[in-house]
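Tertiary structure, described
Chain residues, written in single-letter form:
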Amino acid sequence: MKKEFYSNGKLLITGEYLVLDGAKAFALPTKFGQNLIVEEGNNQEIKWTSYDADGSIWFEDLISFAEISKKSTFDKTESIRNTLIEILHEGYLLNPAFINEFEGYQVKTELTFPRNWGLGTSSTLINNIAQWLQIDAFGLLKNSFGGSGYDIACAQNDSPILYHLIKVIPIVENVTFDPKFIENLYFVYLDKKQNSKAAIAFYYNNKNKDLAKAISENDKITQEVLNAKTLEKFALALEKHETGMSAILGIKKVKESLFPDFNGAVKSLGAWGGDFVLAISKENPNDYFKEKGFRTIIPFKEMIL
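To start, this report covers the structure provided alongside it. (Residues numbered from 1 in each chain as written. Predicted model: local features only at pLDDT ≥ 70, side-chain atom pairs only at ≥ 80, totals over all residues. Heavy atoms only, no water.)

Where nonpolar side chains cluster on the molecular surface, the patch consists of Ile166, Val168, Ile169 and Ile171 and spans about 350 Å² of accessible area. Relative to the assigned elements, Ile169 resides in strand 7 (residues 169–174). Relative accessible area serves as the criterion here: at 47%, Ile169 is assigned to the partly exposed category. (Patch = residues over 30% accessible without salt bridge, like charges linked within 9 Å, V, L, I, M, F, W, Y side chains within 5 Å. Areas by Shrake-Rupley, 256 points an atom, 1.4 Å probe, with all protein chains shown as cover. Salt bridge = Lys/Arg side-chain N within 4 Å of Asp/Glu carboxyl O. Helix = DSSP H or I, 4+ residues; strand = E, 2+ residues; numbered from the N terminus. Buried < 20%, exposed > 50% of the residue type's maximum accessible area, 1.4 Å probe, protein only.)

As structure tokens, this is what we get:
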């Protein structure tokens, strides 16, 4: 028995944070993702090995079936082990047969992007585990890691999506995004891995309780982004989005804090303060960002499916 599964990574263009409260989010599946390979094992345990994009092992452990079924927890220094056991435990509750009817497993995960990039190490893992156990990935996410689920939708789709929640039910719509100015869009890595759980907690602790106006404005801007026919209109829409989210979060816009002299627009993606930003520029911005110390600059077509 050898089974292989794959899930796409993700980038969130509009709707960050507000998607948790029902706003429409525009998200893009990436060409990068994660594989999961499952083979037979023994001893009522899982031999788990996780590989980074460069082939190095970043996590390796033996996890017993008993630890999964009981949801054992360990010292905080073993946070990765604890998180994995939590996900597998919730998977077990949704499909007990994966433990009750098997002797053991050897599991490998293989990222096709560097783990610190923030393209969805957790979401691709959760979607792959859900495929393996034949359970609902959105339910597994909700019961374990938490979040809106847009990243799960990206894991499962090979084209741009509009995503929102209606009474916690995920609604996914495939959309077309192939503007003439696509050559002017670049993704720049800020060399700082953002913690999604911590970012969500920050949002809940700091958001305005009356978000109806902000969500309405977000949805309007999201449509403007999708309908933009020129680079100028696209950039203007995303700048409005940045201004609105800056007010809600009480955080400076990324261009204001890091790139005030950039000749173009810069949009935070996903959890503010780390991971990638979207740079919108008429000229190739590689030299500018490299001079600022940011060396990972990926053109849109090389990043997005």
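On we go from here.
A few words now on the packing of helix 2 (residues 79–94) against helix 4 (residues 121–133). For the pair helix 2 and helix 4, the least separation of the axes is 11 Å and the interaxial angle reads 35°. By crossing handedness, the relation of helix 2 to helix 4 is classed as right-handed. For the pair helix 2 and helix 4, the contacting residues are Leu84, Ile87, Leu88 and Gly91 in the first and Leu125, Ile126, Ile129, Trp132 and Leu133 in the second. For the contact of helix 2 with helix 4, the residue count by class is 8 nonpolar, 1 polar and no charged. (Axes fitted to C-alpha atoms, helices over the stretch in contact; angles between N-to-C directions. Left-handed = near helix turned anticlockwise from the far one by under 90°. Contact = heavy atoms within 4.5 Å. Nonpolar A, V, L, I, M, F, W, Y, C, P; charged D, E, K, R; others polar.)

Across soluble globular proteins, nonpolar side chains have a tendency to be buried as a group. Ile46, Trp48, Leu88, Phe98, Ile129 and Trp132 are the most contacted members of the largest nonpolar core, which has 40 residues in total. In this structure Leu88 touches Ile46, Trp48, Ile68, Phe98, Ile129 and Trp132, once residues within four positions along its chain are discounted. (Core = buried A, V, L, I, M, F, W, Y, C linked by side-chain atoms within 4.5 Å.)

This next bit is on the pairing of strand 8 (residues 185–189). Extensive coverage of strand 8 is indicated by the burial of 5 of its 5 residues. Here strand 8 runs beside strand 10 (residues 276–280); their pairing, made up of 5 bridges, is antiparallel. Each bridged residue has a counterpart across the sheet, and for Leu185 the counterpart in strand 10 is Ile280. Sheet analysis places strand 8 next to strand 11 (residues 297–299), joined by 3 bridges and oriented antiparallel. Looking at strand 11, one finds that Val188 is bridged to Ile297. (Pairing = 2+ DSSP bridges.)

Helix length check: helix 4, at 13 residues, gives a terminal C-alpha distance of 18 Å against a target of 18 Å (1.5 Å per residue), a fit within 8%. Burial in helix 4 covers these residues: Thr121, Ser123, Thr124, Leu125, Ile126, Asn127, Asn128, Ile129, Ala130, Trp132 and Leu133. The positive-phi residue at the C-terminal boundary of helix 4 is Gln134, with phi of around 55°. (Expected span 1.5 Å × (residues − 1).)

Let us look at the environment of Lys267. Mapped onto the elements of the fold, Lys267 is located in strand 9 (residues 265–268). Once the C-alpha coordinates of Lys267 and Glu239 are considered, the two residues, 28 residues apart in sequence, prove to be 7.1 Å apart. Aside from chain neighbours lying at most four places away, what touches Lys267 is Ile13, Glu16, Leu238, His241, Glu242, Val254, Val277 and Leu278. At a separation of 3.0 Å, a polar atom in the side chain of Lys267 contacts the main-chain carbonyl oxygen of Ile13. (Polar contact = N/O pair within 3.5 Å; in protein donor to acceptor, adjacent residues only side chain to side chain.)

Another point: the environment of Tyr189. Structurally, Tyr189 is set in strand 8. Discounting residues that sit within four places of it in the chain, Tyr189 has contacts with Asn116, Trp117, Asp275, Phe276, Phe294 and Thr296. Within the structure, Tyr189 has its side chain in polar contact with the backbone oxygen of Asn116 (distance 2.4 Å).

Topologically, Leu190 is positioned in the loop between strand 8 and helix 7 (196–206). Leu190 gets classed as buried once you look at its relative accessible area, which sits at 11%. Leu190 sits 68 residues away from Leu258 along the chain, and the two C-alpha atoms are 9.8 Å apart.

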